[in-house]
Amino acid sequence: EEHTPPPIRERLTQVLRIRDFAPAELALPDNGSYRKYADLERAFAVWNVFAAAEFSVAPNEWCFAFAGCVGYRGYFSQARAEQFGEALRRQDFDVFVIGIPAYSTLGWFDDPVLNTVIRYPDAELARLIFHELAHQIVYVSGDTVFNESFAVAVELEGVDRWLARDGDPAKRTAFALAQQRQGAFIDLVMKYRDSLSALYASAAPTAEKRRKKAETFAAMKAEYPTLKASWGGFGGYDRFFAQELNNAHLVPVATYSELVAGFRRVLAENGGDFKRFYEAVREIGRLSKEQREAILKTG
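In this text, all values refer to a predicted model and were calculated from it rather than measured experimentally. (Residues numbered from 1 in each chain as written. Predicted model: local features only at pLDDT ≥ 70, side-chain atom pairs only at ≥ 80, totals over all residues. Heavy atoms only, no water.)

Q: Would you mind going over the state of the cysteines in detail, with residue names and values included?
A: Two cysteines, two sulfur atoms, one covalent bond between them: this is a disulfide. For the structure shown, the criterion picks out 1 disulfide. One disulfide in the model links Cys-63 with Cys-69; its S-S distance is 1.9 Å. One quick way to see it: the torsion about the S-S bond of Cys-63 and Cys-69 is about 95°, and its sign makes the bridge right-handed. The exposure class assigned to Cys-63 is exposed, which follows from its relative accessible area of 53%. (Disulfide = S-S within 2.5 Å. Buried < 20%, exposed > 50% of the residue type's maximum accessible area, 1.4 Å probe, protein only.)

See the structure below:
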């Protein structure tokens, strides 16, 4: 387009290279998604509202016609998301409202690349495109953790292969470091989530649960500076720990990570062949939720 600023045009050229890599090397859909650009004139594509009961790490779910039941509720307006979150707080839910840079219509429409992500580093842009395209391959209605963990497994292996072909040593090192830090962050959060899960399942009186809940979140926050120091002071997770944390903040961390190792194992068992992997995942997706989790949490 004539009116597209040169820096954006340059980024879109890279997007198209990433987009062509997706079907050629990762067997992802070769369609119109992420081949056009749209400026939403806002900082995020959607705002997601996560909620959990006061003494539960399980997400509250909302059910929709096509997506089934999902562990969050999305809004195109930040004000409406905050308004809904406030209504849930008044019902004594723990609530977390967060801006999300992109989303997938699951292949119903050709999703564009948005202004919210166009300036991401190459590896992050590739990661996001592979993730959203993965949702078009396999989507199990009513199982957010399965869907998101699957898409994360695809994005991670996809970026590894894309960087092996198109990246330079600096990009590969930077992405590996980012993944290492993210893994350590997830491990920290999940450790305390497990503690909270055990607490909530116990027969402790309500007042004791409330006190120990506050102590557990305080302990998680207190451990973060040690982790940050081990990263040489990298502050990428400062904003997360600066918040008044509650059960709802744990939901997206678990949703996007809980079954990733299982999916990566299934990919390895299929010789790293993405077509075979997708077929295996479809087979797993036809099982009950309990059977799916049993397979993906084994080993």
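Q: Kindly report on helix α1 (residues 6-26), identifying the contributing residues and their values.
A: Between its first and last C-alpha, α1 extends 29 Å over 21 residues, near the 30 Å set by a 1.5 Å rise per residue. In the core, the buried residues of α1 are packed alongside β1 (37-38), β7 (113-114), α3 (122-137), α4 (144-166), α5 (169-201) and α10 (274-285). Among the residues trailing α1, Ala-27 stands out with phi positive, at a value near 55°. (Helix = DSSP H or I, 4+ residues; strand = E, 2+ residues; numbered from the N terminus. Expected span 1.5 Å × (residues − 1). Contact = heavy atoms within 4.5 Å.)

Q: Just give me the short version of the packing of α1 against α4, but keep the residues and values in it.
A: Interhelical geometry of α1 versus α4 gives an angle of 115° and a closest axis separation of 11 Å. It follows that α1 is roughly perpendicular to α4 by the angle criterion. In the packing of α1 onto α4, the handedness of the crossing is right-handed. Every residue of α4 that contacts α1 at Gln-14, Ile-18, Phe-21, Glu-25 and Leu-26 is listed here: Gly-158, Arg-161, Trp-162 and Arg-165. Residues belonging to the contact of α1 with α4 are distributed by class as follows: 4 nonpolar, 2 polar and 3 charged. (Axes fitted to C-alpha atoms, helices over the stretch in contact; angles between N-to-C directions. Parallel < 35°, antiparallel > 145°, perpendicular 65-115°, else oblique. Left-handed = near helix turned anticlockwise from the far one by under 90°. Nonpolar A, V, L, I, M, F, W, Y, C, P; charged D, E, K, R; others polar.)

Q: Now, about empty space enclosed by the protein: what can you tell me, with residues and values included?
A: Summed over all chains, the structure comprises 1 cavity of 30 Å³ or more. Approximately 40 Å³ is the volume attributed to the largest cavity. Around the largest cavity sit Tyr-34, Ala-102, Pro-112, Val-113, Leu-114, Val-117, Leu-125, Leu-128 and Ile-129, which together line it. For the lining of the largest cavity, the secondary structure elements donating two or more residues are β7 and α3. Here the lining of the largest cavity takes 3 residues from α3, the largest share from any one element. Of the residues contributing to the lining of the largest cavity, the split by class is 9 nonpolar, no polar and no charged. (1 Å grid on protein atoms, 1.4 Å probe; cavity = no way out; pocket = protein on both sides within 12 Å on 5 of 7 lines; lining within 4 Å. Points joined across faces, edges and corners; volume = space filled by probe spheres on them.)

Q: Any details on the packing of aromatic side chains? Residues and values, ideally.
A: According to the stated counting rule, one finds 23 aromatic pairs in the structure shown. Ring centres 5.7 Å apart and planes at 50° place the aromatic pair Trp-231 and Tyr-237 in the tilted group. Given the relative accessible area of 13%, Trp-231 is considered buried. Connected via pairs of aromatic rings, a cluster forms that spans Phe-185, Tyr-224, Trp-231, Phe-234, Tyr-237, Phe-240 and Phe-241. Geometry around Phe-234 places Arg-181 over its ring, the cationic atom sitting 4.1 Å from the centre. The ring of Phe-55 has Lys-209 sitting right over it, with the charged end atom 5.8 Å from the ring centre. (Phe/Tyr/Trp six-rings, centres within 6.5 Å; stacked < 30°, edge-to-face > 60°. Lys NZ or Arg CZ within 6 Å of the ring centre and 35° of its normal.)

Q: Describe in detail the environment of Tyr-139, supporting the description with residues and values.
A: With respect to the helices and strands, the residue Tyr-139 is situated in the loop between α3 and α4. Overall, Tyr-139 belongs to the partly exposed group, its relative accessible area being 28%. Excluding residues within four positions of it along the chain, Tyr-139 makes contact with Ala-67, Val-70, Leu-106 and Asn-147.

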